[in-house]
Structures are given as C-alpha cells and as structure tokens.
Amino acid sequence: MIEIKITTLKTLFKNIFISLISFFLPLSVAVGLTGTGPGCKPGELCNPLTGVDNLGDLAVKILDAVVKVGGYVAVIFIIYSGFLFVKAQGNPTELENAKKTFFYTIIGVMILLGAKAISIGVAQTIKAITL
C-alpha cells in the first residue's frame, strides 16, 4: 500500500492553489481591460469589477470568490477525511486523526459561511446608512 504523508498532501494542495491563482489572475485582469464592459470604449482602461460602487460591494465580491474557492477546498478535504477513515481500518489513533480532519473541515466551512453572512449584513448596513 502506498503511504501518503500529510506534509506531502499539504505541499501538493499549496502548489495546485498557487498554480491556479497564477493562471487565472492574469487572465481575469486581461479580460477586464479589454474594453468590453458597459460604457467602456475599445482600448480604454475599464473597471473589471462591474457593479461595484462602494467598499461594501467590493467586500462582498471578494468574499464571493473566497467562498467559491473555499467550497472546492472543503469538498476536497471532506473526501480526504473519508479516505483517512477508510485507511484507518479500526486503528484508534488513525480514527482519531480522521475524526479531527473531518471536524476541522466542518468548522472551516462554518467559519467561511459565517464570514459571508456577516459581510452581506455589513454591506447592507452600509448601503442603508448611505441612502
């Protein structure tokens, strides 16, 4: 059986995350600068964040992206914790490790969704005060 160490998996996830960011970030900037947005002339430098007029909207947009990426990461870690449960085969210490991984993944998802809810509440409060 192939034994995979936790540090190897962490390094792998880190490298995949950095690779995805380094690929999609320049692509998203290039798409935002093409001049295809509403009210933007060709060759003109445009705001790539359509619909963002204030700081509250920007925070909500950023957290939307974080929640999307965090959702994928959470699914990967839930699958990984299931793999740990299968790999444990009744070993109490490995079962405890699998339980901790699953528990911390669920806690992370709760924190992620709580941050999203708080950001929406703060953005709506800022909108209500400024109107």
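Computed from a predicted model, the values in this text were never measured in an experiment.

(A) View of the overall build of the protein chain. From N to C terminus, the protein chain includes three helices and zero strands. Reading the protein chain from its N end, one meets helices and strands in the order α-α-α. Looking at the protein chain as a whole, 16% of its 131 residues are labelled buried. Accessible area of the protein chain: about 9900 Å², with a carbon and sulfur share of 73%.

(B) Quick look at the packing of aromatic side chains. In this structure the tally under the stated criterion is three aromatic pairs. Look at Phe-103 and Tyr-104: their rings are 5.8 Å apart centre to centre, the planes differ by 55°, and that puts the pair in the tilted class. Its relative accessible area of 55% is what places Tyr-104 among the exposed residues. Through a chain of ring-to-ring contacts, three or more aromatic side chains come together here, namely Phe-77, Tyr-80 and Phe-83.

(C) Structural detail: unusual backbone geometry. Residue Gln-89 is not a glycine yet carries a positive backbone phi of 50°. Mapping Gln-89 onto the fold places it in the loop between helix 2 (55–88) and helix 3 (92–130). Classification of Gln-89 as exposed rests on a relative accessible area of 66%.

(D) Examining the confidence of the model for the protein chain more closely. The predicted model of the protein chain has a mean per-residue pLDDT of 77, with 72% of residues at 70 or higher. The secondary structure element of the protein chain with the lowest average pLDDT is helix 1 (residues 6–32), at 66, and the one with the highest is helix 3, at 87.

(E) Region of interest: the side chain of Ser-119. Relative to the elements of secondary structure, Ser-119 occurs in helix 3. Within the local environment of Ser-119, its side chain forms a polar contact with the backbone oxygen of Lys-116, the two atoms lying 2.8 Å apart. Excluding anything up to four places from it in sequence, Ser-119 contacts Val-60 and Leu-63.

(F) Quick look at the side chain of Thr-105. Looking at the element boundaries, Thr-105 is found in helix 3. Within the structure, the side chain of Thr-105 is placed 2.7 Å from the backbone oxygen of Thr-101, a separation counted as a polar contact. Thr-105 has contacts with Ala-74, Phe-77 and Ile-78, leaving out every residue within four places of it along the chain.

(G) Representation of the environment of Val-69 within the structure. If you trace the backbone, Val-69 turns up in helix 2. Between the C-alpha atoms of Val-69 and Phe-17, which are 52 residues apart in sequence, the distance is 9.5 Å.

(H) Structural detail: the environment of Lys-100. By the secondary structure assignment, Lys-100 is in helix 3. C-alpha separation for the pair Lys-100 and Ser-81, spaced 19 residues apart in sequence, amounts to 8.7 Å.

(I) Spotlight on a nonpolar patch on the surface. On the surface, a nonpolar cluster with roughly 560 Å² of combined accessible area is contributed by Phe-103, Tyr-104, Ile-107, Met-110 and Ile-111. As for its placement among the helices and strands, Ile-107 is situated in helix 3. For Ile-107, a relative accessible area of 31% corresponds to the partly exposed category.

(J) Geometry of helix 3. For helix 3, which comprises 39 residues, the first-to-last C-alpha distance of 57 Å matches the rise-based estimate of 57 Å (1.5 Å per residue) to within 8%. Along helix 3, the residues that are buried comprise Ala-98, Thr-101, Thr-105, Lys-116, Ser-119 and Ala-123.

Rules and cut-offs
Residues numbered from 1 in each chain as written. Predicted model: local features only at pLDDT ≥ 70, side-chain atom pairs only at ≥ 80, totals over all residues. Heavy atoms only, no water. Helix = DSSP H or I, 4+ residues; strand = E, 2+ residues; numbered from the N terminus. Buried < 20%, exposed > 50% of the residue type's maximum accessible area, 1.4 Å probe, protein only. Areas by Shrake-Rupley, 256 points an atom, 1.4 Å probe, with all protein chains shown as cover. Phe/Tyr/Trp six-rings, centres within 6.5 Å; stacked < 30°, edge-to-face > 60°. pLDDT = per-residue confidence, 0-100. Polar contact = N/O pair within 3.5 Å; in protein donor to acceptor, adjacent residues only side chain to side chain. Contact = heavy atoms within 4.5 Å. Patch = residues over 30% accessible without salt bridge, like charges linked within 9 Å, V, L, I, M, F, W, Y side chains within 5 Å. Salt bridge = Lys/Arg side-chain N within 4 Å of Asp/Glu carboxyl O. Expected span 1.5 Å × (residues − 1).

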